[in-house]
Amino acid sequence: MRNDAYLVLLLVGLLIALADGQVIARNASACLHGAYDDPRHERQAVGLVVALFHLTMLGLVCLVTSQWLYPSLAVKSLVPRIGVLLLLAALCHGVTVIVLSRLRIEQAGVERAEAQLREEREQDDREQRDEDAREVPHPDTAAT
């Protein structure tokens, strides 16, 4: 009987984690709307966040269910280890997301700086052309 209750609790916890992850996946785009220029980047960010949520929740479900109920020894020794592995994967995933986010911010800064330099060069070129056009006398005015 203990194993049945344990398995039911484990299944319910997994279903809750998956359902909540789907709610996050469907609504996170609204939170990030306008944060990214490209909608693909928005979907990728949502995917990374949802994966982090699932890894964390599934790891916690494994740990919590193994502590509250006492299933057979084989299950009790395996499920918490899976939970710890999932939480470690979530931690590594979170660190990776942070690194990717920082790289994206740095790249966006570089792109903005390059765009500003291009604009300044174009402005300088226009000003130089205007100045050159004023210095060159028109053939009609030079003859008089």
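Further remarks concern the overall build of the protein chain. Within the protein chain one finds 4 helices and 0 strands. Starting at the N terminus and ending at the C terminus, the protein chain contains elements arranged as α-α-α-α. Counting over 144 residues, the protein chain shows a buried share of 19%. Counting contacts in the protein chain only where the partners sit at least 6 residues apart, residues at least 24 apart contribute 72% of the total. Accessible surface for the protein chain amounts to roughly 10,800 Å². Of this, 64% is attributable to carbon and sulfur atoms.

Roughly 290 Å³ of internal volume is contained in the largest pocket. Broken down by secondary-structure element, the contributors of at least two residues to the lining of the largest pocket are helix 2 (39-68) and helix 3 (73-135). Grouping the constituent residues of the lining of the largest pocket by class yields 7 nonpolar, 3 polar and 1 charged. Put simply, the second largest pocket is a space of about 200 Å³.

Before going further, it helps to examine a nonpolar patch on the surface. Among the surface-exposed residues, Val 84, Leu 85, Leu 88, Leu 91, Val 95, Val 99, Leu 100 and Leu 103 lie close enough to one another that they form a single nonpolar patch of about 730 Å² accessible area. Tracing the chain through its elements places Leu 88 in helix 3. When its relative accessible area of 46% is taken as the criterion, Leu 88 is described as partly exposed.

Time to look at the side chain of Glu 42. As for its placement among the helices and strands, Glu 42 is situated in helix 2. Buried and unpaired, Glu 42 has no salt bridge, with Arg 43 as the nearest side chain of opposite charge at 7.0 Å. Leaving out residues up to four positions away in the same chain, Glu 42 has contacts with Ser 29, Leu 32, His 33, Gly 34 and Tyr 36.

This part is about the side chain of His 54. Tracing the backbone shows His 54 in helix 2. For His 54, a relative accessible area of 13% corresponds to the buried category.

Before going further, it helps to examine the confidence of the model for the protein chain. Counting all residues, the mean pLDDT for the protein chain is 79, and 85% of those residues have values of 70 or more. At the low end of the mean pLDDT range in the protein chain sits helix 4 (residues 139-143), at 60; at the high end sits helix 2, at 82.

Before going further, it helps to examine the environment of Pro 80. Structurally, Pro 80 can be placed in helix 3. Residue Pro 80 is classed as buried on the basis of its relative accessible area of 15%. Each C-alpha atom, one on Pro 80 and one on Val 61, is 9.2 Å from the other, the two residues being 19 residues apart in sequence.

Our next topic: the nonpolar core. Counting 8 residues, the largest nonpolar core is built from Tyr 6, Leu 10, Ala 17, Leu 58, Val 61, Cys 62, Val 79 and Leu 86. Mapped onto this core, the elements with two or more residues apiece are helix 1 (2-32), helix 2 and helix 3. Those residues within four positions of Val 79 in sequence are excluded, and the remaining contacts are Tyr 6, Cys 62 and Thr 65.

About the thresholds
- Residues numbered from 1 in each chain as written.
- Predicted model: local features only at pLDDT ≥ 70, side-chain atom pairs only at ≥ 80, totals over all residues.
- Heavy atoms only, no water.
- Helix = DSSP H or I, 4+ residues; strand = E, 2+ residues; numbered from the N terminus.
- Buried < 20%, exposed > 50% of the residue type's maximum accessible area, 1.4 Å probe, protein only.
- Contact = heavy atoms within 4.5 Å.
- Areas by Shrake-Rupley, 256 points an atom, 1.4 Å probe, with all protein chains shown as cover.
- 1 Å grid on protein atoms, 1.4 Å probe; cavity = no way out; pocket = protein on both sides within 12 Å on 5 of 7 lines; lining within 4 Å.
- Points joined across faces, edges and corners; volume = space filled by probe spheres on them.
- Nonpolar A, V, L, I, M, F, W, Y, C, P; charged D, E, K, R; others polar.
- Patch = residues over 30% accessible without salt bridge, like charges linked within 9 Å, V, L, I, M, F, W, Y side chains within 5 Å.
- Salt bridge = Lys/Arg side-chain N within 4 Å of Asp/Glu carboxyl O.
- Lys, Arg positive; Asp, Glu negative; His and termini not counted.
- pLDDT = per-residue confidence, 0-100.
- Core = buried A, V, L, I, M, F, W, Y, C linked by side-chain atoms within 4.5 Å.

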